[in-house]
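What the coordinates show
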Number of protein chains: 2
Amino acid sequence: MISGVIFRVAAVAVLHSAGVAFAQTPPLAPREVPAKTIPVPNTVSPELQQIIAQPLRTAWNTPPTTPEGWKELAESIRAAAAPNVEAMRARLKVTVEPGTMAGVKIYTVTPERVLPENRDRVLVQIHGGCYVLNPAEAALPEAMLISAIGGYRVIAVDYRMPPEAYFPAALDDAMSVYKDVIAKTDPKRVGLIGTSAGGALVLEMGLRAKQLNLPLPGAIASGTPMSDSTKTGDTFYTNAMLDNVLVSTEGFCDAAAAFYAKGHDLKDPLISPIYGDMSGFPPTILTSGTRDLLLSNTVRVHRKLRNLGIDSFLQVYEGQSHAQYGRDDRIPEVREAFSEIGTFMNSHLKK
Amino acid sequence: MISGVIFRVAAVAVLHSAGVAFAQTPPLAPREVPAKTIPVPNTVSPELQQIIAQPLRTAWNTPPTTPEGWKELAESIRAAAAPNVEAMRARLKVTVEPGTMAGVKIYTVTPERVLPENRDRVLVQIHGGCYVLNPAEAALPEAMLISAIGGYRVIAVDYRMPPEAYFPAALDDAMSVYKDVIAKTDPKRVGLIGTSAGGALVLEMGLRAKQLNLPLPGAIASGTPMSDSTKTGDTFYTNAMLDNVLVSTEGFCDAAAAFYAKGHDLKDPLISPIYGDMSGFPPTILTSGTRDLLLSNTVRVHRKLRNLGIDSFLQVYEGQSHAQYGRDDRIPEVREAFSEIGTFMNSHLKK
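Computed from a predicted structure; not experimentally measured. (Residues numbered from 1 in each chain as written. Chains lettered and ligands numbered in written order. Predicted model: local features only at pLDDT ≥ 70, side-chain atom pairs only at ≥ 80, totals over all residues.)

Once that is clear, we can look at the overall build of chain A. A count of helical and extended segments in chain A gives 10 helices and 10 strands. For a compact globule of 351 residues, the expected C-alpha radius of gyration is about 20 Å, and chain A comes in at 19 Å, within 12% of that figure. Each principal axis of the C-alpha distribution contributes one length, and for chain A these read about 55 × 55 × 45 Å. The buried share of chain A, taken over its 351 residues, is 57%. Across chain A, every contact between residues at least 6 apart in sequence was considered, and the portion connecting residues at least 24 apart equals 80%. (Helix = DSSP H or I, 4+ residues; strand = E, 2+ residues; numbered from the N terminus. Rg over C-alpha atoms; globule rule 2.2 N^0.38 Å. Buried ≥ 20, exposed ≤ 12 C-beta atoms within 10 Å, placed from the backbone. Contact = placed C-beta atoms within 7 Å.)

Quick look at the structure:
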């Protein structure tokens, strides 16, 4: 299917996209963009318009400065989310069963009806929250969405977070669960799904599985991944102060990633997977939005995978800031995004 | 492959993405984004960095105001491009043969080696330039790139433009050539490719073929299409003054589209194809960049096609403004983009 000529050209392209940054000597002139007033687009559903119209996240530029401060923030967000998570669970008609697997806290999410072709398949979901936020039930919305919309059984991993445990605890916990799952289920029937830090973690799991000579999963869904925590990526600048969720690299998410890293090199591919060797990765679907601070770090992963010849599908949503594609099941574009992810998993996981 | 549950959800999603704009009553608060200094990203090749570093297009906000002014602009751009086009032709080792087909001026572009699987296939290329620019050899770069990189024989259509001929002359000429081509070649072996106005025209050709009960082509490559000439699409605002090619909806391209339309409704799907019924379209690849003023109008087409169940692939390039993916064959990301397009065509056109 891929011809000699085409393949040769693709191989050339790989060289420049291997995650290397290129020095600028001398530095090139930046673009001066004037202040702008940007209307809420009328090209998205009324439900999504309300989300886009929300002001910049409160206190985006005053992240906690102490471990206790981070823990308090995580707890307050969790407590605020809890009733919404339960309401979403009820609407989506999924059951949620807390438990442990390989010593790691998990939730098993089961849809009203597991699709027949998914009976022997399972998804492992790794939540987002900049490696520091969304413990316990706050981890669940994405797992519930893909369970209900895709008709999958999902294991949601409630991994350890700072200040209890720093890098690589989150990845270690995710890998412990993965190893347990693939001991019982053909890895080709196992899909990984995550958003933001979770979107990075599912890529890091692929890299770690390669290091450990473990079989890779059958497919990966990486949503707006924190694929580069070194403040590198064009939309960190172009979408700054426009994305109403992450707002800016000077905001809480980069501070949280540094808190998780605890001095570890942020360019380690197990924190910034864009710098890892993704050859051999399974089919991977990537999701982002046009206002997403991590749009660049989503498309960089997409290009990297494609240049390795990997089946990778990109979906980008009009007007959405970071991770808004998973915001609420009542938003049509959220159902649309998870329908794509479910379809992708369905096409690529072994029957 | 697509299950009942997933399909039901996808069908719901279709309703809101059918190209309808949603009123805001009352209007929602816009986002006030401060002035920003945006560095040239180091996440792209040095060659592309030079393109990104270029200042905003000269005279972007003083489009011609008379038919003669447009013609002079088109001629001056053509004359300036001519030596570069010839140099690119020599580097890419393609031959270019001018001719006519069904009374329309064309060029036949032939690569050094037509790939064996492409022997009975042909691509029809429709150039960009806001419906008004890039006559004669200025139409050729995209045709030469896909010919050389994909190993295809390409018919480049040098359609009539204002002030000689207004809407729908460009589309009529493109359709005349298409009809002639499919009289000799199985339509499933024919691919359409175009960028910007050409990206819109290849979609308009699909819509027009449906109206005329003509068979559709086997695949379409629509690059950063002018899919909505009504100044609708979020990145018209978010990427304004950042995209150094189109710069702003207040710039020359929207003025040129209005000049082409000559009073015709800009919401006509044959000018703004996002408003057309794309059901039954063949596999379609879409290309854009993170700084592209038409990123929204690219992803809106992608979502529209996907919600109709059509095999559609999106590629978005880091840091690129409008149509820079076809700027110069010596830019690695340009070879990468056309390699993707060639691979996509190769996968979907009938052997």
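Residue and element names in this part refer to chain B. Two numbers describe how helix H5 (residues 169–184) lies on helix H6 (residues 197–211): the axes approach to 10 Å, and their chain directions differ by 70 degrees. Taken together, the axis directions place H5 and H6 in an arrangement best described as roughly perpendicular. H6 is crossed by H5, and the crossing has right-handed handedness. In contact with Ala170, Leu171, Ala174, Met175 and Tyr178 of H5, H6 contributes Leu201, Glu204, Met205 and Arg208. The residue makeup of the contact of H5 with H6, split by class, is 7 nonpolar, no polar and 2 charged. (Axes fitted to C-alpha atoms, helices over the stretch in contact; angles between N-to-C directions. Parallel < 35°, antiparallel > 145°, perpendicular 65-115°, else oblique. Left-handed = near helix turned anticlockwise from the far one by under 90°. Nonpolar A, V, L, I, M, F, W, Y, C, P; charged D, E, K, R; others polar.)

To continue, consider the environment of B:Leu203. Residues and elements named next belong to chain B. You can see Leu203 is positioned in helix H6. A residue is classified by how many C-beta atoms lie within 10 Å of it, and Leu203, with 30 of them, is buried. A sequence separation of 149 residues divides Leu203 from Gln54, and the C-alpha atoms of the two residues are 30 Å apart. With near-sequence residues (within four places) excluded, Leu203 lies in contact with Ser222, Pro225, Ser227, Pro273 and Val301.

To continue, consider the sheet that holds strand E3 (residues 95–101) of chain A. The strands making up a sheet associate through hydrogen bonds between their backbones, and the pairing can be parallel or antiparallel. Residue and element names in this part refer to chain A. Overall, mixed pairing links the 8 strands, which are arranged E3-E4-E6-E5-E7-E8-E9-E10 in an open sheet. The open sheet is flanked by E3 and strand E10 (312–317), the only strands paired with a single partner. Shown here is a sheet whose adjacent strand axes are inclined to one another by a mean of 20 degrees, direction ignored. Both strand E5 (residues 122–126) and strand E7 (residues 190–195) contribute to a ladder of 5 bridges, which runs parallel. Paired with Leu123 across the two strands is Gly191, which belongs to E7. Lying on the sheet, helix H10 (residues 332–348) is in contact with E5, E7, strand E8 (219–223), strand E9 (284–289) and E10; it crosses E8 at an angle near 160 degrees. (Pairing = 2+ DSSP bridges.)

Looking now at the interface of chain A and chain B. Chain A puts 71 residues into the contact, and the matching count from chain B is 71 residues. Take the side of chain A that touches chain B: its biggest share by element is 9 residues, from H10(A). Considered class by class, the residues forming the side of chain A that touches chain B number 35 nonpolar, 24 polar and 12 charged. Strand direction decides the pairing type here: strand E1 (residues 31–33) of chain A and strand E2 (residues 36–38) of chain B, joined by 3 bridges, are antiparallel. Bridging from a neighbouring strand, A:Glu32 pairs with B:Thr37 of E2(B).

The next subject is the pairing of strand E10 (residues 312–317) of chain B. Residue and element names in this part refer to chain B. With 6 of 6 residues buried, E10 is to be regarded as a mostly interior element. Across the two faces of E10 the burial is the same, with Ser312, Leu314 and Val316 and Phe313, Gln315 and Tyr317 all buried. For the crossover from strand E9 (residues 284–289) across helix H9 (residues 295–307) to E10, the handedness is right-handed. (Right-handed = clockwise from strand over helix to strand, strands pointing away.)

Residue and element names in this part refer to chain B. Within the fold, His302 resides in helix H9. Judged by the 24 C-beta atoms lying within 10 Å of it, His302 falls in the buried class. For His302, the residues in contact, after removing those within four places along its chain, are Leu286, Ser312 and Leu314.

What follows covers H10(A). Here H10(A) contains 17 residues, and its C-alpha end-to-end distance of 25 Å stays within 8% of the 24 Å for a straight helix at 1.5 Å per residue. Judged by how many residues are buried, H10(A) sits mostly within the fold: 15 of 17 residues are covered. (Expected span 1.5 Å × (residues − 1).)

Quick look at the nonpolar core now. Proteins that are soluble and globular tend to have nonpolar side chains buried together. Ranked by size, the top nonpolar core spans 204 residues in total, and within it A:Val124, A:Ala174, B:Val124 and B:Ala174 carry the most contacts. Not counting residues up to four positions away in its chain, the partners in contact with B:Ala174 are B:Ile126, B:Val157, B:Tyr159, B:Leu201 and B:Met205. (Core = buried A, V, L, I, M, F, W, Y, C linked by C-beta atoms within 7 Å.)

What follows deals with the relation of the copies chain A and chain B. Its rotation angle being 180 degrees, the transformation that places chain A on chain B also includes 0.0 Å of axial translation and leaves an RMSD of 0.0 Å. Given the turn and translation reported, the copies of this chain are related as if by a two-fold rotation axis. Of every C-alpha in chain A, the one belonging to A:Ala35 sits nearest the axis of rotation, 2.0 Å from it. The fraction of interface residues of chain A whose copies in chain B are also interface residues reaches 100%, indicating that both copies meet through the same surface. (Least-squares fit on C-alpha atoms with pLDDT ≥ 70 in both.)

Residue and element names in this part refer to chain A. Most of E9 is tucked away: 6 of the 6 residues are buried. Residues Thr284, Leu286 and Ser288 line one face of E9 and the alternating positions Ile285, Thr287 and Gly289 line the opposite face, and both faces are buried. Alignment of E8 against E9, held across 4 bridges, turns out to be parallel. Across the sheet, the residue bridging to Gly223 is Thr287, located in E9. As judged from the 6 bridges shared by E9 and E10, these two strands associate in the parallel manner. In the strand pairing of E10, Gly289 is matched with Tyr317.

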